[in-house]
Amino acid sequence: MTTKITKAEADWRAELTPEQYHVLREKGTERAFSGALWDEHRPGTYRCAGCGAELFEADTKFESGTGWPSFYQPAAAEAVDTETDRSFFMSRTEVNCATCGGHLGHVFNDGPRPTGLRYCINSASLKLDPSEPREEMEQV
């Protein structure tokens, strides 16, 4: 079971950029094609920009054409929480970081196999921890 990180809003404001705070703490959304990671293709692990928790692996990222980073599954089922979002006169499934509760984006049922899901995630809510290619060991 994941332990939730609890901080005062003043602490979140001090630690996050204004855009990260707006997305993660105020449930904002960045404009499509405006985030730093929508067109990112390096291997690695996508972590929560708020708490550093591992959320998604780069090998589950796919080109959705939406302008936001899209993944077909989280790194682990317990990495994210979901809840119904009824804002803007529609019903969607909101995705939050299970560790700190930060808003990440939404999940839709129009993704690729194997899950059929599209986790549409704001770049501002993520940090990429790139994998370094392994160097061949020299034989002596």
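Below: a short report on this structure. (Residues numbered from 1 in each chain as written. Predicted model: local features only at pLDDT ≥ 70, side-chain atom pairs only at ≥ 80, totals over all residues. Heavy atoms only, no water.)

### Details of the overall build of the protein chain
Assigned secondary structure in the protein chain consists of 2 helices and 9 strands. When the helices and strands of the protein chain are listed from N to C terminus, the series reads α-α-β-β-β-β-β-β-β-β-β. For the protein chain, whose C-alpha radius of gyration is 16 Å, the value lies close to the compact-globule estimate of 14 Å for 140 residues. Counting only C-alpha atoms, the protein chain reaches 65 × 35 × 35 Å along its principal axes. Residues counted as buried form 41% of the 140 residues belonging to the protein chain. A sequence separation of at least 24 residues applies to 53% of the contacts in the protein chain between residues at least 6 apart. Counting only carbon and sulfur atoms, one obtains 50% of the accessible surface of the protein chain, whose full area is about 8,600 Å². (Helix = DSSP H or I, 4+ residues; strand = E, 2+ residues; numbered from the N terminus. Rg over C-alpha atoms; globule rule 2.2 N^0.38 Å. Buried < 20%, exposed > 50% of the residue type's maximum accessible area, 1.4 Å probe, protein only. Contact = heavy atoms within 4.5 Å. Areas by Shrake-Rupley, 256 points an atom, 1.4 Å probe, with all protein chains shown as cover.)

### A word on the pattern of salt bridges
Summed over all chains, the structure comprises 9 salt bridges. Linking Lys-7 and Glu-15 is a salt bridge whose minimum nitrogen-to-oxygen distance equals 2.4 Å. Lys-7 sits in the partly exposed class, given a relative accessible area of 30%. One network of salt bridges, in which partners are shared, links Lys-27, Glu-83 and Glu-94. (Salt bridge = Lys/Arg side-chain N within 4 Å of Asp/Glu carboxyl O.)

### A closer look at the sheet that holds strand E9 (residues 126–130)
Pairing within the open sheet is antiparallel, and its 3 strands lie in the order E2-E1-E9. Looking along the sheet, the strands with just one partner apiece sit at the ends: strand E2 (54–57) and E9. For this sheet, the mean angle separating the axes of adjacent strands, direction not counted, is 30°. Direction of pairing for strand E1 (residues 44–48) relative to E2: antiparallel, over a ladder of 3 bridges. Residue Thr-45 lies in a different strand from E2, and its bridge partner there is Glu-57. (Pairing = 2+ DSSP bridges. Axes fitted to C-alpha atoms, helices over the stretch in contact; angles between N-to-C directions.)

### So, helix H2 (residues 18–26)
For H2, the set of buried residues is Gln-20, Tyr-21, Val-23 and Leu-24. The secondary structure elements touched by the buried residues of H2 are helix H1 (9–15), E1, strand E7 (103–108) and E9.

### Details of the sheet that holds strand E3 (residues 61–62)
If you trace the 6 strands from one edge of the open sheet to the other, you get E3-E4-E8-E7-E6-E5, paired in antiparallel fashion. The sheet terminates laterally at E3 and strand E5 (80–85), the two strands that pair on one side only.

### Thoughts on the packing of aromatic side chains
Within the structure shown, the criterion is met by 4 aromatic pairs. An aromatic cluster is built from Tyr-46, Phe-56, Phe-71 and Tyr-119, whose rings are joined through pairwise contacts. We note Lys-7 situated over the ring of Trp-12; from NZ or CZ to the ring centre the distance is 4.4 Å. (Phe/Tyr/Trp six-rings, centres within 6.5 Å; stacked < 30°, edge-to-face > 60°. Lys NZ or Arg CZ within 6 Å of the ring centre and 35° of its normal.)

### Structural notes on the environment of Ala-49
By the secondary structure assignment, Ala-49 is in the loop between E1 and E2. For Ala-49, a relative accessible area of 9% puts it in the buried group. Between the C-alpha atom of Ala-49 and that of Thr-17, which follows or precedes it by 32 residues, the distance is 9.7 Å. The residues contacting Ala-49, other than those within four sequence positions of it, are Leu-16, Gln-20, Leu-24, Ala-124, Ser-125, Leu-126 and Lys-127.

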